[in-house]
Amino acid sequence: MKTLLSVENLRKRFVSAERDVAAVDGLSFSLGTGETLGIAGASGSGKSTLARLLLRLIEPDAGGITFEGSDWLSLKGSDLRHRRGRIQMVFQDILGAFHPSATVNDALGDPLRIHGIVAKAERSSEIARLLERVGLSSAHATRPVRELSGGQRQRVAIARAIASRPSLVVLDEAVSALDVQLRNRILELLVELQRENGISYLFISHDLAVLRAVSHRLAIMDAGRIVETGNTTDIINHPSSAAGRALIAAVPRLTPGGRPTNTMQKSEPTHEP
């Protein structure tokens, strides 16, 4: 498998009068083309900071990021703006990720325009194609994003993420606010898009059932570091790190008698490499 993303010894520290926190502390990993790497960890383990570093929303204190064979951190100005379309993100707060007055046309048209994906005359048909791809009709194009249901907004967010034809999509708790039925439909859509287009995903979630379903490999984060990585099913079934064991022990399930326990029920993943 060809390496798409390589992160080496990445570090980010937040220092203020109130705190001094190593949010990402010497973190290294790689991601292959068409692969999904799940990132799991407790709150405060550094997962969202990692996502922001990869998107260049914040800059690291040290370390390197190689993306599509080039130094991602060395890009500046117009070169960075041009390449940003290759890495996209789907956020947990979907409504907050859109301008309050944006229509679906606005949300999908902007990346097409900014990254020069299609000519102006072709944008309407490309927007309709993107909506159809995520299971929405072209009639949604004129609707304000704020008037859509949660599941519809999430689908528009995914359509926006793939509009620039990226090779990597970072998903930060992207399905945690959805009910189980909607969540499953979104996960199936993501897997289908990956199979068709070879997109790689970095899937950040506290939900190990979600990560089991979509991830080829799983990395456990704790205190800004990756403390365990490997095949998703192997780690969930037999975690070797204290952080991994704590995450799995914290997953509740119901016994046949209806009493909750803290043992994660084992099931096979729906997404195989």
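Here the structure is a predicted model, which means the values were calculated and not measured. (Residues numbered from 1 in each chain as written. Predicted model: local features only at pLDDT ≥ 70, side-chain atom pairs only at ≥ 80, totals over all residues. Heavy atoms only, no water.)

**Describing the confidence of the model for the protein chain**
Looking at the protein chain, the pLDDT average stands at 88 and 92% of residues meet or exceed 70. Of all secondary-structure elements in the protein chain, the lowest mean pLDDT belongs to strand 12 (residues 260–261), at 45, while strand 4 (residues 62–67) reaches the highest, 97. The model gives residues 258–263 a pLDDT under 50, and that stretch makes 15 contacts with residues more than four places away or in other chains. In this model residues 265–270 is a low-confidence stretch, pLDDT under 50, and it forms eleven contacts with partners more than four residues away in sequence or in other chains. (pLDDT = per-residue confidence, 0-100. Helix = DSSP H or I, 4+ residues; strand = E, 2+ residues; numbered from the N terminus. Contact = heavy atoms within 4.5 Å.)

**Concerning the nonpolar core**
V90, L108, V156, I158, L171, L190 and F203 are the most contacted members of the largest nonpolar core, which has 50 residues in total. Not counting chain neighbours up to four residues away, the residues in contact with V156 comprise F98, V104, A107, L108, L136 and L148. Grouped together as the second largest cluster of nonpolar side chains are 30 residues, L27, A51, L53 and A219 included. (Core = buried A, V, L, I, M, F, W, Y, C linked by side-chain atoms within 4.5 Å. Buried < 20%, exposed > 50% of the residue type's maximum accessible area, 1.4 Å probe, protein only.)

**As for the sheet that holds strand 4**
Spatial ordering of the open sheet is given by 2-1-4-5, a layout of four strands whose pairing is antiparallel. Bordering the open sheet on either side are strand 2 (20–32) and strand 5 (70–71), each of which pairs with just one other strand. Bridge count for strand 1 (residues 3–15) against strand 2 is ten bridges, and the pairing is antiparallel. The residue of strand 2 that forms the bridge with K12 is V24. (Pairing = 2+ DSSP bridges.)

**Quick notes on the pattern of salt bridges**
Summed over all chains, the structure comprises 14 salt bridges. Where R83 meets E68, a salt bridge forms, and the shortest distance between an N and an O atom there is 3.2 Å. In this pair, R83 sits in helix 2 (residues 77–83) while E68 sits in the loop between strand 4 and strand 5, placing the two residues 15 residues apart along the sequence. Classification of R83 as buried rests on a relative accessible area of 18%. Residues joined by salt bridges that share partners form a network here, namely R11, D25 and R225. (Salt bridge = Lys/Arg side-chain N within 4 Å of Asp/Glu carboxyl O.)

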